Amino acid sequence: MPDRRVGHAEIQSAHSLRGKANVHDETLTPSSRTKPLPLSRVSRDGKIRTNDFAFKLANVNGTGSASANGLIMQAIFRMGIPVSGKNLFPSNIQGLPTWYEVRVNLRGHTARTSEYDLMVAMNAETYARDVREVRPGGYVLYDSTWPLDPALMRDDVTFLGVPYARLCNESFTEARERTLMKNIAYVGTLAALFDIDMDIVSGMLKEKFARKPALMESNAKAIQLGHRYALEHFECPLPFRLESMDATKDSILIDGNTATALGCVYAGATVAAWYPITPSTSVLDAFKGFCEAYRVDKATGEKRYCILQAEDELGAIGMVIGAAWNGARAFTSTSGPGISLMSELIGLAYYAEVPAVIIDVQRVGPSTGMPTRTQQGDIMMCAYASHGDTKHVVLFPSNPRECFEFAVKAFDLAERLQTPVFLLSDLDIGMNDWVVPRLQWDDGYKPHRGRVLSKEELLALPKFHRYSPEDELGVAARTLPGVHEKGAFFTRGSGHNKLGGYTEIPDEYQEVMDRLLRKHRAARTIVPEAVIERRAGATFGVVTLGGCDPAVREALDVLEERGIRGNFLRVRAFPFGDEVEAFLAEHDTLFVVEQNRDAQLRSLLVMETQVAKEKVRSVLAYGGFPLQANQVIEGIVARLGAGASVNGTAPHTNGHAHAHTHGAHDAHDARQEPHGDEGGMP
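Predicted model only: the values in this text are computed from it and were never measured. (Residues numbered from 1 in each chain as written. Predicted model: local features only at pLDDT ≥ 70, side-chain atom pairs only at ≥ 80, totals over all residues. Heavy atoms only, no water.)

### Let's talk about the overall build of the protein
Helix and strand counts for the protein come out as 20 helices and 26 strands. Expressed as a percentage of the 682 residues in the protein, the buried residues total 55%. Across the protein, every contact between residues at least 6 apart in sequence was considered, and the portion connecting residues at least 24 apart equals 74%. Within the structure as shown, the protein displays about 28800 Å² of accessible surface, and the carbon and sulfur contribution to it stands at 50%. (Helix = DSSP H or I, 4+ residues; strand = E, 2+ residues; numbered from the N terminus. Buried < 20%, exposed > 50% of the residue type's maximum accessible area, 1.4 Å probe, protein only. Contact = heavy atoms within 4.5 Å. Areas by Shrake-Rupley, 256 points an atom, 1.4 Å probe, with all protein chains shown as cover.)

Printed below as a string of structure tokens:
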């Protein structure tokens, strides 16, 4: 359709919101609304806010905005200020709207927020929606080369017009360069408005374009255009601004997929098989880059790694299982649809007891779903993947640092337990940059290869049996091909007894299945323990996992300021350890916060622990955006009842989260509703 929609509505005239309006005789010149409003219109308490605000950048996918947004994020980080960035992008290559949200918070709260002090509106197609999202007293920065439709105006928002297109057309000659530099120019404007250290920006340009002086010159020129215009036309800085801190000196800025790939390298993984799928593709991209840098013999040029792009996910997991059976540390990375396809062979690895590491960067389902939105919808599928009775070890990192650490742990667990191990990340963790403590590594680390018999050990045995005897974890020793013929065995996914022979005798089959269950239960003693934080006077407990961590922590801080205190537990692995069981037992009221519709973590807790389901309540958000603290606050307060408010103060809500109670789960659903009528885009 001319308006970029698909449907059967009557086709309207295709006028642009920012062109000379066909439906409005009146036009608004840039100069008529570019003066900042009085301070009280911006800052709710009438004071200057330092290092505590949020802004959003609205653009068009494929126009180079990612480079500009990353530059801003890194500059703030290098000023030592806690910052987080969330990239909300469409599942196409070019042309559709894309948004980037940045939150600055001196207390270190990094969860997504939906209250924006400033909107950088660079996409005319989303002007109306973008303007609506600005908080009262906030600002809209836009390209004033074209007049703005008066219908978009708000009396409680200041509009800052910069003629980016005109400035770039006058300063650059190539059409593509003009488009790209228009986005880079707003970096300079924001640097002036927020008081970003320009020396840091210049230093970053030198680092990035050290070998491309022409690009460095054009980027620096564009930034100066935006910076100079802001200083000449606006009161800079704004009443919310940045001031250098020292809060990130021991931290790094990294995304979860890169950290996961680095963990695989440090763990000694040499084989990776995959089929491309959003949002996990960059795991293998990063792994390939690290291997090319560190796994190639400098003298001979020999590659000491193998990366295979399979014909599909079924082929990929088969390659991983085969490589691991031969003794390699092997893994695949995928997302929910890939796990669905891998299910049969995952069951083979479980039953035949072959180690494998499966990295699942979750996205929104079911089916194709929304490939570029985040969710935690694969918890149950990974815990019980494949037909028949299966239970798997699943690790739940909450940030890129844990992605790095848990990647190493996953390989040790897989080989020690001789079983598939899932590393369950999600799009928010995997594809967004996070500020995390600097990665640590023990140079004395030795991979835990589990029980693998050498030639000498085989020769000392009267006879080798693949599945007997077992150790305290329920694991029997395995052998690798080519060690000695005495260690040969038939690897089968059909019924087998403890000696490895084929059987259809019930008692022999059950004996093996019972040992596999004992092995899974024993795994709870060697998986990462849950993170637990208690508060004096707490009256309830909150259980969560993965990327929900920042929002839940912030919510509990806010609730404590209101006199509502709760304890915190973040699950980091399945099977659940004794500490999880104890935490559940000590609370009469429990809230399980997760990002899926069907309360999958709650279901897993009820099925796999002794907790009474009547005291476990759900707070759910599954619209596809990263979890916000206000969603958690609203969910908990709604379930605690009217007595939870303090001095009549209700939790803040901004229209993004609405409460619904599901009787079967006793769940609070903090749904994320779309703005306007355009089908759920941010």
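What follows continues from the structure just given.
### A word on the sheet that holds strand β20 (residues 573–574)
Strand order in this open sheet of seven strands is β11-β10-β12-β13-β15-β14-β20, and the pairing throughout is mixed. The sheet terminates laterally at β11 (306–309) and β20, the two strands that pair on one side only. As judged from the two bridges shared by strand β14 (residues 393–395) and β20, these two strands associate in the antiparallel manner. Its bridge partner being in β20, leucine 395 is matched across the sheet by alanine 573. (Pairing = 2+ DSSP bridges.)

### Focus on the nonpolar core
Counting residues in each nonpolar core, the largest one holds 53 residues, and the members touching the most others are Phe55, Ile76, Leu118, Tyr186, Leu190 and Phe194. A per-element tally of this core places helix α5 (residues 175–194) first, with 10 residues. Excluding anything up to four places from it in sequence, isoleucine 76 contacts Phe55, Ile81, Val83, Val102, Val104, Ile196 and Leu242. Grouped together as the second largest cluster of nonpolar side chains are 47 residues, Val265, Val393, Phe411 and Leu473 included. (Core = buried A, V, L, I, M, F, W, Y, C linked by side-chain atoms within 4.5 Å.)

### A few points about the pairing of strand β15 (residues 420–426)
Counting buried positions along β15 yields seven of seven residues, so the element is predominantly enclosed. Burial of the side chains of β15 extends over both faces: Pro420, Phe422, Leu424 and Asp426 are buried on one face and Val421, Leu423 and Ser425 on the other. One ladder, built from three bridges, connects β14 with β15; its direction is parallel. Within β15, the position partnered with valine 394 by the bridge is phenylalanine 422. Note that the unit made of β14, helix α13 (residues 400–417) and β15 has a crossover that is right-handed. (Right-handed = clockwise from strand over helix to strand, strands pointing away.)

### Examining the packing of aromatic side chains
If you walk through the whole model with that rule in mind, you get 18 aromatic pairs. Ring plane angle 45° and centroid distance 4.9 Å describe the contact between phenylalanine 53 and phenylalanine 194, whose orientation is recorded as tilted. Of this pair, phenylalanine 53 sits in strand β2 (residues 52–60) while phenylalanine 194 sits in helix α5, and the two are 141 residues apart along the sequence. A relative accessible area of 3% places phenylalanine 53 in the buried class. Between the aromatic rings of phenylalanine 55 and phenylalanine 194, the centroid separation amounts to 4.8 Å while the plane-to-plane angle is 50°, which identifies the pairing as tilted. With a gap of 139 residues between them, phenylalanine 55 in strand β2 and phenylalanine 194 in helix α5 connect regions that are remote in the sequence. Of the aromatic side chains, those joined through ring pairs into one cluster are Phe53, Phe55, Tyr139, Phe194 and Phe240. Here lysine 221 stacks its cationic end above the ring of phenylalanine 172, 5.2 Å away from the centre of that ring. We note arginine 466 situated over the ring of phenylalanine 489; from NZ or CZ to the ring centre the distance is 5.5 Å. (Phe/Tyr/Trp six-rings, centres within 6.5 Å; stacked < 30°, edge-to-face > 60°. Lys NZ or Arg CZ within 6 Å of the ring centre and 35° of its normal.)

### Details of helix α4 (residues 164–171)
All of the buried residues in α4 are Tyr164, Ala165, Leu167 and Cys168. Considered in projection along α4, the buried side chains sweep an arc of 165° and stay on one side of the axis. Buried residues belonging to α4 abut β6 (134–143), β7 (158–162), α5 and α7 (213–233). (Arc of directions from axis to C-beta.)

### Comments concerning the environment of threonine 374
Relative to the elements of secondary structure, threonine 374 occurs in the loop between β13 (356–362) and α12 (379–383). Each C-alpha atom of the pair threonine 374 and glycine 624 lies 4.8 Å from the other, and the pair is 250 residues apart in sequence. Among the polar contacts listed, one links the side chain of threonine 374 to the backbone nitrogen of leucine 427, at a separation of 3.5 Å. (Polar contact = N/O pair within 3.5 Å; in protein donor to acceptor, adjacent residues only side chain to side chain.)

### Structural notes on helix α6 (residues 198–208)
Among all positions in α6, only Met198, Ile200, Val201, Met204 and Leu205 are buried. Along the axis of α6, the buried positions cluster into a sector of 155°, meaning they face one direction only. Seen from the buried face of α6, the exposed residues on the opposite side, beyond 90 degrees, are Asp199, Lys206 and Glu207. Backbone nitrogen of aspartate 199 and a side-chain oxygen of the N-cap are separated by 2.9 Å at the start of α6; the cap is aspartate 197.

### Here's the deal with the pattern of salt bridges
Per the stated rule, a full pass over the model turns up 36 salt bridges. Where glutamate 133 meets lysine 56, a salt bridge forms, and the shortest distance between an N and an O atom there is 2.8 Å. Linking glutamate 133 in the loop between α3 (127–132) and β6 with lysine 56 in strand β2, this pair joins segments that are 77 residues apart in sequence. You'll find glutamate 133 and lysine 56 in the same group, each marked buried. For the salt bridge of arginine 329 with aspartate 412, the shortest nitrogen-to-oxygen distance reads 2.7 Å. Separated by 83 residues along the polypeptide, arginine 329 in the loop between α10 (313–325) and β12 (330–334) and aspartate 412 in helix α13 bring together distant segments of the chain. The buried category is assigned to arginine 329, whose relative accessible area is 4%. Relative accessible area serves as the criterion here: at 13%, aspartate 412 is assigned to the buried category. Among the charged side chains, a salt-bridge network with shared partners connects Glu402, Glu533, Asp549, Arg553, Arg570 and Arg572. (Salt bridge = Lys/Arg side-chain N within 4 Å of Asp/Glu carboxyl O.)

### Comments concerning the sheet that holds strand β4 (residues 97–105)
One open sheet holds the six strands; their spatial order is β3-β4-β2-β5-β6-β7, and the pairing between them is mixed. Single-partner strands in this sheet number two, and they are β3 (83–88) and β7. Within the sheet, the average angular offset between the axes of one strand and its neighbour, ignoring direction, is 15°. The pairing of β6 with β7 spans five bridges and is parallel. In the strand pairing of β7, tyrosine 142 is matched with glycine 161. On top of the sheet, helix α2 (residues 65–78) reaches β2, β3 and β4; it is set at about 165° to β2, its chief contact. (Axes fitted to C-alpha atoms, helices over the stretch in contact; angles between N-to-C directions.)

### A look at unusual backbone geometry
With an omega dihedral of -5°, the bond running from cysteine 236 to proline 237 counts as a cis peptide bond. When you line up the elements, proline 237 lands in the loop between α7 and β8 (240–241). Glycine 365 connects to proline 366 through a cis peptide bond whose omega is 0°. Despite not being glycine, glutamate 353 has its phi angle at roughly 65°, a positive value. The phi torsion at serine 367 lies on the positive side, around 55°, for a residue other than glycine. Among the structural elements, serine 367 can be located in the loop between β13 and α12. Under the relative-accessibility criterion, serine 367 is labelled exposed at 64%.

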